[in-house]
Amino acid sequence: MGKLQLLDTLNEEFTMKSLTEEVNGEKRIYFEGNYFMYDNVNLNGRTYPKHIIKSTMDKFINETIPARRSVGENKHPNDRIEVDVFLGSHLVVDLKDMNNGFYWGKSLVLDTAEGRLLKALIKDRIPFGVSSRGEGDVKPHETKMYESIVTEYEKEAYDAVWSPSIGKSVAQALSESRLNALGIITDRQNKYLKENLD
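Residues numbered from 1 in each chain as written. Predicted model: local features only at pLDDT ≥ 70, side-chain atom pairs only at ≥ 80, totals over all residues. Heavy atoms only, no water.

Trainee: Give me the lowdown on the overall build of the protein chain, citing residues and values where you can.
Mentor: Counting secondary structure elements, the protein chain contains three helices and ten strands. If you list the helices and strands of the protein chain from N to C, you get β-β-β-β-α-β-β-β-α-β-β-β-α. Looking at the protein chain residue by residue over its 198 residues, the buried ones come to 44%. Nonlocal contacts in the protein chain, meaning residues at least 24 apart in sequence, comprise 66% of its contacts between residues at least 6 apart. Working note: accessible area of the protein chain is about 10800 Å², and carbon and sulfur atoms make up 49% of it. (Helix = DSSP H or I, 4+ residues; strand = E, 2+ residues; numbered from the N terminus. Buried < 20%, exposed > 50% of the residue type's maximum accessible area, 1.4 Å probe, protein only. Contact = heavy atoms within 4.5 Å. Areas by Shrake-Rupley, 256 points an atom, 1.4 Å probe, with all protein chains shown as cover.)

Listed below in structure tokens is the structure:
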């Protein structure tokens, strides 16, 4: 039997933060937040043990990201596990194990047709989330009927999705220099964003 396609989001409520950075005089949009959860059950009923996912996550961090092959799409494709770079909307530029059950990530919104669509959603504060795409094997949990444990996993991508299976995932368009510790947008920040994200 072949490997299973594993598409997962977090079961933790969190806020995806979007920020604008200036690079060589050009404004670029990024989004960041918790990208992956391990050692806890997600809303799809799967647990990814850290010792199972560590090597594929290290490979993604140390090889895929530096090679700029960490492209993600808008929505998970129904017919393939591989990334179609021509449908790419964003590029994961950073991913870190926070050693608290989460990997934190940051993505650059690409200047592609799909990236411009994602940028428009961010600009208009339409909520979206990040969901992982990979393949592997699972085994049923020994005592919990609706849970399974991932026994093998290979990371492919992080996609932007409309309806992730987490409580809330809100992309907020924020200027990084204006973001306060709680990520609250003030009236002054809203005015700044409206003037600078067009």
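Read on, since the account is not over.
Trainee: Explain helix 1 (residues 50-64) residue by residue, including any values.
Mentor: Along helix 1, the sharpest kink reaches roughly 25 degrees, centred on Thr 56. Contact partners of the buried residues in helix 1: strand 3 (26-37), strand 6 (88-97), strand 7 (102-109) and strand 9 (148-161). (Bend = angle between axes of the 7 residues up to and from the residue.)

Trainee: Residue-level account of the pairing of strand 6, with values.
Mentor: For strand 5 (residues 71-73) and strand 6, the ladder comprises three bridges, and the chain directions are antiparallel. Within strand 6, the residue paired with Val 71 across the bridge is Leu 91. A loop of four residues connects strand 6 with strand 7, the two strands running antiparallel in sequence, and Asn 99 in this loop sits at a positive phi of about 55 degrees. (Pairing = 2+ DSSP bridges.)

Trainee: Describe in detail the packing of aromatic side chains, supporting the description with residues and values.
Mentor: Across all of its chains, the model carries eight aromatic pairs by this definition. On the basis of an interplanar angle of 20 degrees and a centroid distance of 5.9 Å, the ring pair of Phe 36 and Tyr 153 is categorised as stacked. One end of the pair, Phe 36, is in strand 3; the other, Tyr 153, is in strand 9, and 117 residues separate them in sequence. Look at Phe 36 and you get buried, because its relative accessible area is 2%. Residue classification places Tyr 153 among the buried residues on the basis of a relative accessible area of 5%. Taken together, the ring pairs in this structure connect Phe 36, Tyr 38, Tyr 48, Tyr 103 and Tyr 153 into an aromatic cluster. It is Lys 106 that lies over the ring of Tyr 30; its NZ or CZ is 4.6 Å from the centre. (Phe/Tyr/Trp six-rings, centres within 6.5 Å; stacked < 30°, edge-to-face > 60°. Lys NZ or Arg CZ within 6 Å of the ring centre and 35° of its normal.)

Trainee: With reference to specific residues and values, describe the environment of Gly 88.
Mentor: Looking at the element boundaries, Gly 88 is found in strand 6. Exposure remark for Gly 88: the relative accessible area of 1% places this residue in the buried category. Remark: the alpha-carbon pair of Gly 88 and Val 109, spanning 21 residues in sequence, is separated by 9.3 Å. The contacts of Gly 88, once residues within four sequence positions are left out, are Val 71, Gly 72, Glu 73, Leu 110, Thr 112, Glu 114 and Gly 115.

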